[in-house]
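Okay, here's what each chain looks like letter by letter:
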Amino acid sequence: MRTVENEIGAILSGTISAITQRSIFNRLGPLATRPVSQLSSADRLAVMAELENSVRLFARRNSADLIASCARVLGTDGAAGAAGGPAAGAAGAGAPGGGPATTSAKKLPIEQEKDIATARLEAWSEAVRIGLSKFTSVKVATAVSELARNIVFYAGRGSVELRTVRDEKGASGLQIIASDQGPGIGGPKLEEIWAGTYKSQRGMGKGLVAVKKLVDEFQLETAPGKGTTVTCLFRGER
Amino acid sequence: MKDQQIPIIQIRNCLLVSIQTELHDRLALDLQESLMDRVRVTDAKGVILDVSAVEVIDSYITRILNDIGKSVRFMGAVCYIVGIRPAVAMTLIEMGVELDSVNTALTLDLALEKLELLQS
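Residues numbered from 1 in each chain as written. Chains lettered and ligands numbered in written order. Predicted model: local features only at pLDDT ≥ 70, side-chain atom pairs only at ≥ 80, totals over all residues.

1. Some remarks on the overall build of chain A
Here is the rule: The numbering of helices and of strands both runs from the N terminus, where a helix is a DSSP run of H or I of at least 4 residues and a strand a run of E of at least 2. The burial criterion counts other C-beta atoms lying within 10 Å of a residue's C-beta, which is placed from the backbone; the residue is buried at 20 or more, exposed at 12 or fewer, and partly exposed between these limits. Whether two residues are in contact depends on their C-beta atoms, placed from the backbone: they are in contact if these lie within 7 Å.
Each helix and strand in chain A was counted, giving nine helices and five strands. Element order for chain A, N to C, with α for helix and β for strand: α-α-α-α-α-β-α-α-β-β-α-α-β-β. Residues classed as buried in chain A amount to 39% of the 238 residues present. Expressed as a percentage of contacts within chain A between residues at least 6 apart in sequence, the contacts between residues at least 24 apart total 69%.

Structure follows, in structure tokens:
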């Protein structure tokens, strides 16, 4: 029996790379590996809503055709259009009062290597959704990749939270909060990291420095035995 | 986890690898080992890594690419990375991360051309 992955993969291949497809299917969770014929209509709609967002973001061409083909396979042709409408405008919620305000937040658990790819894709689509440029969105995805990797490599588990924030001028920016309850980073090691002399076993030892250079605002809270929290911000571009 | 392997294709005296999957420790090490092995067996002069399907290159992936570049160089061959996307290149520059153990070319075709020039 053909699963969601089989059916949708056949439609997307050639337009969306295998890596991105993998991430899209990871986002669908257990639904991705179930046979299409066994999905309830609610499941079908959920799959379709997720696919619409991803395909619109990552297909370089023909995204409308691809979405239509997916809807046909899932049998949601009628409802798919309706699901796309309100989702596209969801970023517009107003911020009460002055100053930066959080308009939406999403917390992603980071526990294993595949969560890194999921967090990266999630951050990327969020960045595009709130109107950050293509280049900035890749920077967002890269920063989240570094932070999530640090969590998996050094703390084992933690979370990455993505928050859309609005500044006084009404521009939407993206705040990223990566936190874990891992071993934390001690003073001497921290000095080495910022000096660029730190060498890690698995990476380059430059992840944190790299993130600091990519983002507009950067804050690090860490102490041995107390875990680590990195808070950073990509400002809105309008 | 499935036992993944990244295929290595031989074109004349070059080895071509197209990275289409998420790299992780084991997979990267396997690739590095089998590339070195294939360079030795085939006497390849060049190794070309196509990363055009890789949408994000962070410092970890950079380290893997650099390590592969170094090991290929130790085997007496030249390593080219092709297909880096513009946004990825910009991001690497901003991060201050160097891809200094590999050569780069815009496309596979250009890399093959450069490798041919080296040998004539």
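2. What to know about the domain arrangement of chain A
All names here are of chain A. Inclusion rule: Where each domain begins and ends follows an automated or database-derived domain assignment. When residue character is reported, Ala, Val, Leu, Ile, Met, Phe, Trp, Tyr, Cys and Pro are called nonpolar, Asp, Glu, Lys and Arg charged, and the others, Gly included, polar.
On domain assignment, one finds that chain A holds domain 1 (4–88) and domain 2 (94–234). Between the C-alpha centres of domain 1 and domain 2 the distance comes to 28 Å. The set of elements that each furnish at least two residues to the side of domain 1 that touches domain 2 consists of α2 (18–28) and α3 (41–58). Sorting elements by how many residues they give to the side of domain 1 that touches domain 2 places α2 first, with four residues. When the residues that make up the side of domain 1 that touches domain 2 are grouped by side-chain class, the tally is one nonpolar, four polar and two charged.

3. Some words on the environment of Val36 of chain A
All names here are of chain A. Mapped onto the elements, Val36 comes out in the loop between α2 and α3. With 122 residues separating them in the primary sequence, Val36 and Gly158 have C-alpha atoms 33 Å apart. Sequence-distant contacts of Val36, defined by excluding residues within four places in its chain, comprise Arg2, Thr3, Val4, Glu7, Val73 and Leu74.

4. Thoughts on the interface of chain B and chain A
Facing the 22 residues of chain B at the interface are 25 residues of chain A. Contributions of two or more residues to the side of chain B that touches chain A are made by α2 (59–74) and α3 (86–95) of chain B. Sorting elements by how many residues they give to the side of chain B that touches chain A places α3 of chain B first, with six residues.

5. Some words on the nonpolar core
We apply this condition: Only buried residues count toward a nonpolar core: Ala, Val, Leu, Ile, Met, Phe, Trp, Tyr and Cys, linked into one set through C-beta atoms within 7 Å.
Counting residues in hydrophobic clusters, the biggest one holds 69 residues, and the most contacted among them are Val140, Val144, Leu147, Ala148 and Ile176 of chain A together with Val47 and Leu49 of chain B. Of the residues forming this core, the biggest block, nine residues, is contributed by helix α7 (residues 134–155) of chain A. Val4, Met48, Leu51 and Val55 of chain A belong to the second largest nonpolar core, which has 16 residues in total.

6. Quick notes on α3 of chain B
For clarity, the cut-off: By arc we mean the arc of the directions from the helix axis to the C-beta atoms, nothing more.
The set of residues buried in α3 of chain B consists of Val88, Thr91, Leu92 and Met95 of chain B. In a view along the axis of α3 of chain B, the buried residues occupy a sector of 100 degrees, so they form one face of it. More than 90 degrees from the buried face of α3 of chain B, the exposed residues found are Pro86 and Ile93 of chain B. In this structure, the buried residues of α3 of chain B make contact with α7 and α9 (207–214) of chain A together with α2 of chain B. Once α3 of chain B finishes, Gly96 of chain B follows within two positions and takes phi at roughly 75 degrees, a positive value.

7. Comments concerning the sheet that holds strand β2 (residues 14–18) of chain B
Within a sheet, each strand pairs with its neighbour through backbone hydrogen bonds, oriented either parallel or antiparallel. All names here are of chain B. As a reminder, the rule being used: Should DSSP find at least two bridges between two strands, the strands are regarded as paired. Axis lines are fitted through C-alpha atoms, for helices just across the contact stretch, and the angle between N-to-C directions can take any value from 0 to 180 degrees.
Across the sheet, five strands lie side by side as β1-β2-β3-β4-β5; this open sheet has mixed pairing. With partners counted over all chains shown, the strands left at the sheet margins are β1 (8–11) and β5 (103–105), one partner each. Across the sheet, the mean angle from the axis of one strand to that of its neighbour is 30 degrees, orientation sign disregarded. Relative to β2, β1 runs antiparallel, the two sharing four bridges. Following the sheet pairing, Gln10 is matched in β2 by Leu15.

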